[in-house]
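Notes for the structure review
Here are the chains, one letter per residue:
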Amino acid sequence: MLNSFSSPISSLLDQRAAGHSLPAGLYTREDVFKADLDVFFHHHWIYVGLECEVPEPGDVMAIDIGATSIILLRDDDQQIRVVRNVCRHRGARLLEAGPSIVSKLVCPYHQWTYELSGELAHAPHMGQDFDKSCRSLKPVQFRSIGGMIYVCLSDEAPADIDRLAEVMEPRLQPYDLRNTRIAHQVDVIEEGNWKLAMENNRECYHCSANHPELCVSFIDLDFGFDPDSLTAEDRAIAEEHFAMYAERTRQWEEEGFPSQTVEQTRDCATNFRTQRLIIAGAGESQTEDATAASSKLLGSMTRKDLGDVHLWGHNAWNHFMGDHAVTVMVIPLSADRTLVRTKWLVHKDAVEGVDYDLHKLTHVWIETTNQDSDLVRISHKGVSDPAYEPGPYSPFSEKALDDFATWYVDRMRAHGY
Amino acid sequence: MLNSFSSPISSLLDQRAAGHSLPAGLYTREDVFKADLDVFFHHHWIYVGLECEVPEPGDVMAIDIGATSIILLRDDDQQIRVVRNVCRHRGARLLEAGPSIVSKLVCPYHQWTYELSGELAHAPHMGQDFDKSCRSLKPVQFRSIGGMIYVCLSDEAPADIDRLAEVMEPRLQPYDLRNTRIAHQVDVIEEGNWKLAMENNRECYHCSANHPELCVSFIDLDFGFDPDSLTAEDRAIAEEHFAMYAERTRQWEEEGFPSQTVEQTRDCATNFRTQRLIIAGAGESQTEDATAASSKLLGSMTRKDLGDVHLWGHNAWNHFMGDHAVTVMVIPLSADRTLVRTKWLVHKDAVEGVDYDLHKLTHVWIETTNQDSDLVRISHKGVSDPAYEPGPYSPFSEKALDDFATWYVDRMRAHGY
Amino acid sequence: MLNSFSSPISSLLDQRAAGHSLPAGLYTREDVFKADLDVFFHHHWIYVGLECEVPEPGDVMAIDIGATSIILLRDDDQQIRVVRNVCRHRGARLLEAGPSIVSKLVCPYHQWTYELSGELAHAPHMGQDFDKSCRSLKPVQFRSIGGMIYVCLSDEAPADIDRLAEVMEPRLQPYDLRNTRIAHQVDVIEEGNWKLAMENNRECYHCSANHPELCVSFIDLDFGFDPDSLTAEDRAIAEEHFAMYAERTRQWEEEGFPSQTVEQTRDCATNFRTQRLIIAGAGESQTEDATAASSKLLGSMTRKDLGDVHLWGHNAWNHFMGDHAVTVMVIPLSADRTLVRTKWLVHKDAVEGVDYDLHKLTHVWIETTNQDSDLVRISHKGVSDPAYEPGPYSPFSEKALDDFATWYVDRMRAHGY
């Protein structure tokens, strides 16, 4: 008689062994999925979009985060605000997901009308005694870090977002994300649990065999390797690479571009890691030939040799390069389906066909994401198989996954599971 | 740690505040959906179809009500009967949903053969000792009220259907629904809970902004308004309208057409409301220009100025006019999907293209139903959002929703929840 | 207040009455579905494929059994092996379902590389201290019975598979299934519970009204009939048939072809039944005119008049004839969806268009399976209806269903339900 389907979540957390992938149920069970949404998407800071998506007063962007929907907007005073996309009357969605331009937020159902501040301005049929003041749209806590919008859907927001801001503000400053524009956006729904999508992103052990396009500009050695496995020749190449990398990092720092690795991935609420990666080959950008895709550089950039400012969050990965940026939001849809939304940013004045070619700009990460989507799919199928048991992470190239799994279990426990 | 997913249904019922929409879980949870089916669709009278769908002996109509299927039929003695569409052998469906003409009901699986009375006439391979008498098709309790078929799937049927019959028989008599014909039928599957579909139908607060076609003939003032919100000019118009309406009602009653509002929507099992509504403009029918769509009037009708006999049930809404009727059955399919089946009735001898134009007949309610479907969809999305909390009903134009929500909670409690 | 949705599975088993179909929940509930998978597909021997699907060393065939996937392969030493299709690293599927040819099994994710024996040969990035010996692919217990592959996914495999082997080896020997080839394969997903698919297969009470193509060669009398229901004339025909059948069986046995019925369908773990059936009409094969579809006979066959060696298992049905065989695997996908995979086998050297016509070979069972799929669909709809209650099996032609239902309940109890 089987009982694994009904064991409490806490016992699954107990089963997790250090250095190993998670027990199956944590990837596959619907009750764990609901708990994940609650803990990691409602009680932690999540990355949801960019200031540049609402550049002008009256610009609004409705963003669905599973069953939750929020509205990112720019108020008449040029300030960013975020409110819940739920009318305070009978709950109807004010806006469909996507962008629009409005002067006020009007519910299509009964025309309850809200200011961009969220205040209820007008509620027909409710009578003179109706108190509008307690019926504002619910506000959402947010932080703009260098133009990237993070929200926390709960009232108690983890304080350690401050460290992310402190680290990333100076790193992002030269790229001036507020003056970028989304040149392209692609949604991929991966047929796997969101944690498998995140694990997949946190290692490059799978890169050489799966990502031919990315490997033109990406150096998988930078994500760990087994020194004993190298031939003498390869070892010499690796040593040369790391010496060069150290020297380059030193130079970049000296020139005022923070480049050292900073990671906050254990014993914290807000999980992130950043470093300035070297770009291989031509050294400029993550394109098919590693040269820049856009001739109009981002922000105050005057050079293309500053590598790739790489930033991970628990629902995001990002690459900031001289000529463009690639920024990814991850949203769980069910235990076995995950939305991966990729945006390519260029300078707001860059013109397609003049300053950049869209194919060149997007090709590497379109291919890479499709390849990853397939890997997440076969991983989810495998962990759903009764034959699966947690396997060992590589101590060299999967340390970040061990950290992620450990953080995951810790945060679940911190929220009472 | 979240626990709202597992709270008992009774605690959701406790949470309901007077004057407010229902707690989210009552709209969204699968266990509540199952309870709703049990209480409101298996232990209350529901509207399922019309006598005119089976006009001749041997006419049968299989109707799916979620997982349940019933067969409405006319027996050789001209009597209507309703039986369960489940073979007494191994349970196979006897008929696919829809109409057919038969002399007996023969199961396609093993040819068990039933009389139209439901009696088992023949059961091959069962042997001489097999007692067929206890293997009749299960009968379904039904009432025909002016040609409208109501069934109760449980053995204990609420007695207060009598009041509906008493009120509606004389009102429906002149329309002679038994001698109508279905000119058109449309199924729409709305992406929302059945109670949101019913709430949407019980107010016209949303009409002016959402139903341009319907508002040609419908007068939303008749469904409530906030007197303080009117300008002096609009107030004068409203006063004139209500004086005219009162006078018209008096005249209609005097001429023998019952017209006063009757409602049984609280402290009852069988929930209904009827009134004779004025039709705006040309005053004849719910069409694009408010003139009659069919030149052949219903039943014994000789005039087109008798307004709209409006009838609500907890799974139905209906409009009976001089030239045609529109009748709607609502069947929940899951917590978030609801079938809305609309039928347009004309005189049984009315000929398409001669007596009526199909587009003119159906246009207003096709458009209105599609618009409502969209409103139900955005309502369901909103009440599924963790940010939703029950909101206040308008005391002027949403009183019927407060009654419905109150009745809903009372009936759930009456059935032990 | 309803509570049938949450009653324990054991109480459903208690409710089962002898001679009657199962209580509804055993066909429809998701928890029962999971229990069924566990008991009948993970703890019993199931039929999954054929040796002839992997004829050469390096041939592999990945077979999905619900969430489980296994790899049937032929090793370099010509031996058949079966391993779980789950990488021992992070669980990814090694192979998509279907056939391929490999020298080693390489996980596409991180190139963990396994010998065809299942041994882990290479695990990059894992370091010198990594113990590969405990990371072999998990082996699956299997038995090849006359070239048919049965597996047991649990460690404790029922011993009474021995009886199946003992009975079937000599019966299958002349057909030499190891030297056949799959001429055609069709997957049908039936919209019903797997037990309804099996019940449907275990009686021919439904054949005459539903399977015109099959009834050319199939004699439904052989599956039971009610003697009292026959006319004097039909009774004479039946008596003649059974006398002829007895004589034919005696002859076949005398000529060395085991033909007597053997059944092990109660008080056992491994459920099977076999008999040599007469083929009607031309007497050769299950085709539209009952003549052989392939002029190249199977194995050592020199004659076409040896009837149909019929074999049932709890997830299979099979027909072995002189010129070809039809073999069917049944895999539950959910409580209400079941995969039925049919394979048509011919001599490995038979050439399409020369030795056999594909339409003639496949027509009868393609039609029959589609007809059965529809019957399973209407059965599942019916048993899902609240009006369903278990009905009586025919004592003449549904005895095998009573045995199956009894065995089902016994096996569930034997596994603690």
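Residues numbered from 1 in each chain as written. Chains lettered and ligands numbered in written order. Predicted model: local features only at pLDDT ≥ 70, side-chain atom pairs only at ≥ 80, totals over all residues. Heavy atoms only, no water.

For clarity, the threshold we go by: UniProt positions are given in the numbering used here, feature names are shortened, and annotations may be inferred rather than shown by experiment.
In the annotation of an unreviewed UniProt entry, the entry for chain A reads Aromatic ring-hydroxylating dioxygenase subunit alpha, and the organism field reads Peteryoungia ipomoeae. Checking UniProt for chain A, the heading Cofactor (unreviewed entry) contains the comment "Fe cation".

1. Digging into the domain arrangement of chain A
In many reports, interface size means the accessible area that the parts give up when they come together. Residues and elements named next belong to chain A. Counted only if it meets this: Domain limits in this description derive from either an automatic procedure or a database domain assignment. In this analysis, two residues are considered to be in contact whenever any of their non-hydrogen atoms come within 4.5 Å of each other. Summed over both partners, the accessible area lost on bringing two parts together, with a 1.4 Å probe, is the buried area. Salt bridge, as used here: a side-chain nitrogen of Lys or Arg that lies within 4 Å of a carboxyl oxygen of Asp or Glu. What qualifies as a polar contact is a pair of N or O atoms within 3.5 Å, subject to a donor-acceptor requirement within protein and to the restriction that residues adjacent in sequence count only when both atoms come from side chains.
Structurally, chain A comprises domain 1 (46–145) and domain 2 (160–414). The C-alpha centroid of domain 2 is placed 32 Å from the C-alpha centroid of domain 1. Facing 15 residues of domain 1, the contacting portion of domain 2 comprises 24 residues. Considering only the side of domain 1, the residues that lose the most area to domain 2 are Y47, C52 and I145, jointly responsible for 44% of the buried surface there. At the junction of domain 1 with domain 2, the criterion picks out three salt bridges. Notably, a salt bridge pairs R143 with D162, separated by 3.0 Å at the nearest N-O pair. On the surface where domain 1 and domain 2 come into contact, there are six residue pairs in polar contact (both at pLDDT 80 or more).

2. Describing the sheet that holds strand 10 (residues 148–152) of chain B
Residue and element names in this part refer to chain B. Basically, it comes down to this: Two strands are counted as paired when DSSP detects at least two bridges linking them. Comment: elements are numbered from the N terminus, with helices defined as DSSP H or I runs of at least four residues and strands as E runs of at least two. Axis angles are defined between N-to-C directions and span 0 to 180 degrees, where every axis is a line fitted to C-alpha atoms and, for a helix, only to the segment in contact.
A sheet is described by the order of its strands in space; here three strands give the open sequence 1-10-9, paired in antiparallel fashion. Either end of the sheet is taken by a strand with one partner, and the two such strands are strand 1 (46–50) and strand 9 (141–145). Taking the axes of each pair of neighbouring strands and ignoring which way they run, one obtains an average angle of 30° across the sheet. Running at roughly 30° to strand 9, helix 4 (residues 161–172) makes contact with strand 9 and strand 10 of the sheet.

3. Side note on the sheet that holds strand 13 (residues 272–277) of chain B
Residues and elements named next belong to chain B. If you trace the seven strands from one edge of the open sheet to the other, you get 11-17-16-15-14-13-12, paired in antiparallel fashion. Each edge of the open sheet carries a strand with a single partner, namely strand 11 (180–190) and strand 12 (262–264). Between one strand and the next, the sheet's axes are offset by a mean angle of 15°, whatever the strand orientation.

4. Looking at the packing of aromatic side chains
Here is the rule we go by: Ring pairs are drawn from Phe, Tyr and Trp, using the six-membered ring of Trp, whenever the two centres fall within 6.5 Å, and their geometry is named by plane angle: stacked under 30 degrees, edge-to-face over 60, tilted for the rest. Residue exposure (1.4 Å probe, protein chains only): buried if accessible area is under 20% of the type maximum, exposed if over 50%, otherwise partly exposed. Either the NZ atom of lysine or the CZ atom of arginine qualifies as a charge over a ring when it sits within 6 Å of the ring centre and within 35 degrees of the ring normal.
Following the criterion strictly, the structure yields 33 aromatic pairs over all chains and no others. Ring geometry for B:W112 and B:F130: centres 5.6 Å apart, planes at 65°, overall edge-to-face. Separated by 18 residues along the polypeptide, B:W112 in the loop between strand 6 (105–106) and strand 7 (113–114) and B:F130 in the loop between strand 8 (120–122) and strand 9 bring together distant segments of the chain. Each member of the pair B:W112 and B:F130 is classed as buried. Arranged with centres 5.2 Å apart and planes meeting at 10°, the rings of C:F218 and C:F223 form a pair that is stacked. As far as the burial class goes, C:F218 and C:F223 line up, both buried. Residue placement shows B:R276 over the ring face of B:W252; its charged tip is 5.8 Å from the ring centre.

5. Focus on the side chain of C:T270
Residue and element names in this part refer to chain C. With respect to the helices and strands, the residue T270 is situated in the loop between strand 12 (262–264) and strand 13 (272–277). Using a relative accessible area of 7% as the deciding quantity, one classes T270 as buried. Looking at T270, its side chain comes within polar contact range of the side chain of D160, at 2.6 Å. If we skip the residues at most four places from it in the chain, T270 touches W45, P158, D160, I161, L164 and Q264.

6. Some words on helix 7 (residues 232–254) of chain B
All names here are of chain B. What counts here: Expected span of a helix, by definition, is 1.5 Å for each gap between consecutive residues, and there is one gap fewer than residues.
The end-to-end C-alpha separation of helix 7 is 33 Å, in line with the 33 Å expected for 23 residues at 1.5 Å each. Looking at helix 7, one finds that the buried residues are A238, H241, Y245, T249 and W252. Positioned one or two residues after helix 7, G256 has a phi angle of 95°, which is positive.

7. Quick notes on the nonpolar core
Inclusion rule: Each nonpolar core is a collection of buried residues, namely Ala, Val, Leu, Ile, Met, Phe, Trp, Tyr and Cys, held together in the definition by side-chain atoms within 4.5 Å.
Counting 113 residues, the largest nonpolar core has C:V48, C:I70, C:M148, C:Y150, C:F320, C:Y408 and C:M412 as the members making the most contacts within it. Looking at this core element by element, the count peaks at eight residues for helix 9 (residues 399–414) of chain C. Shared between two domains, this core takes at least three residues from each, and those domains are domain 1 (46–145) and domain 2 (160–414) of chain C. Those residues within four positions of C:F320 in sequence are excluded, and the remaining contacts are C:M148, C:L172, C:Y175, C:L177, C:G307, C:D308, C:V309, C:L311 and C:A325. The next biggest cluster of nonpolar side chains, apart from the first, holds 112 residues, and it includes B:V151, B:C204, B:I219 and B:L298.

8. Quick notes on the UniProt feature "domain: Rieske" (unreviewed entry) in chain A
In this structure's numbering, the residues bearing the UniProt feature "domain: Rieske" (unreviewed entry) are residues 45–151 of chain A. Within residues 45–151 of chain A, the helical portion is 0% and the strand portion 41%, while the C-alpha atoms at the span's ends are 5 Å from each other.

9. Observations concerning the interface of chain A and chain B
On the side of chain B, 38 residues touch chain A, which itself brings 34 residues to the contact. The junction of chain A with chain B conceals about 2900 Å² of combined surface from both sides, 54% of it contributed by carbon and sulfur atoms. Contact with chain B buries surface across chain A, with A:R90, A:Y109 and A:H125 losing the most and accounting together for 28% of the total. Of the charged contacts, one joins A:R88 and B:E389 as a salt bridge, the two residues approaching to 3.3 Å between their closest N and O atoms. One can count 21 residue pairs in polar contact (both at pLDDT 80 or more) joining chain A with chain B. Residue assignment for the side of chain A that touches chain B shows that the elements contributing at least two residues are helix 3 (30–41) and strand 3 (68–74) of chain A.

10. A look at the environment of A:G118
All names here are of chain A. Along the chain, the position of G118 falls in the loop between strand 7 (113–114) and strand 8 (120–122). According to the relative accessible area criterion, G118 is buried, its value standing at 0%. For the pair G118 and V186, spaced 68 residues apart in the sequence, the C-alpha separation amounts to 30 Å. Setting aside residues up to four positions removed in sequence, G118 forms contacts with V83, S136 and L137.

11. A closer look at the pairing of strand 9 (residues 141–145) of chain C
A regular strand places its side chains so that they alternate between the two faces of the sheet. Residue and element names in this part refer to chain C. Relative to strand 10 (residues 148–152), strand 9 runs antiparallel, the two sharing five bridges. Looking at the pairing, F142 lines up with V151 of strand 10. Linking two consecutive strands that pair antiparallel, namely strand 9 and strand 10, is a turn of two residues; a positive phi of about 60° is found at G146 within it.

12. A word on the interface of chain C and chain A
Here is the rule: Gly is placed with the polar residues, together with every amino acid not listed as nonpolar (Ala, Val, Leu, Ile, Met, Phe, Trp, Tyr, Cys and Pro) or charged (Asp, Glu, Lys and Arg).
Taken together, the contact pairs 34 residues of chain C with 39 residues of chain A. Carbon and sulfur atoms supply 54% of the area buried between chain C and chain A, which totals about 2900 Å² over both sides. Of all residues in chain C, the largest losses of buried area upon contact with chain A belong to C:R90, C:Y109 and C:H125, amounting jointly to 28% of the total for that side. We note a salt bridge from C:E96 to A:R377, for which the minimum N-O separation is 2.6 Å. Every element with two or more residues in the side of chain C that touches chain A is listed here: helix 3 (30–41) and strand 3 (68–74) of chain C. Looking at which element gives the most residues to the side of chain C that touches chain A, the answer is helix 3 of chain C, with three residues. Within the side of chain C that touches chain A, the residues separate by chemical class into 12 nonpolar, 12 polar and 10 charged.

13. Things to note about the relation of the copies chain A and chain B
Using the following cut-off: Copy-to-copy alignment: least squares on C-alpha atoms, limited to residues at pLDDT 70 or above in both.
Its rotation angle being 120°, the transformation that places chain A on chain B also includes 0.0 Å of axial translation and leaves an RMSD of 0.0 Å. Given the turn and translation reported, the copies of this chain are related as if by a three-fold rotation axis.

14. Here's the deal with helix 3 of chain A
All names here are of chain A. The first and last C-alpha atoms of helix 3 sit 15 Å apart over 12 residues, in line with the 16 Å expected at 1.5 Å per residue. Along helix 3, nine of the 12 residues are buried, which leaves the element largely enclosed by surrounding structure. Listed in full, the buried residues belonging to helix 3 are V32, F33, A35, D36, L37, D38, V39, F40 and F41. Buried residues along helix 3 sit against helix 1 (9–15), helix 2 (24–28), strand 1 (46–50), helix 5 (194–201), strand 16 (325–334) and helix 9 (399–414).

15. Description of the state of the cysteines
Note the following rule: Note on disulfides: each one is a pair of cysteine sulfur atoms within 2.5 Å.
Scanning all chains against the criterion turns up three disulfides over all chains. Two residues, B:C204 and B:C207, share a disulfide whose sulfurs are 2.0 Å apart. When the S-S torsion is -100°, as for the bridge of B:C204 with B:C207, the disulfide is left-handed. Using a relative accessible area of 5% as the deciding quantity, one classes B:C204 as buried. Cysteine A:C268 remains unbridged, with the sulfur of A:C152 as its closest cysteine sulfur at 14 Å.

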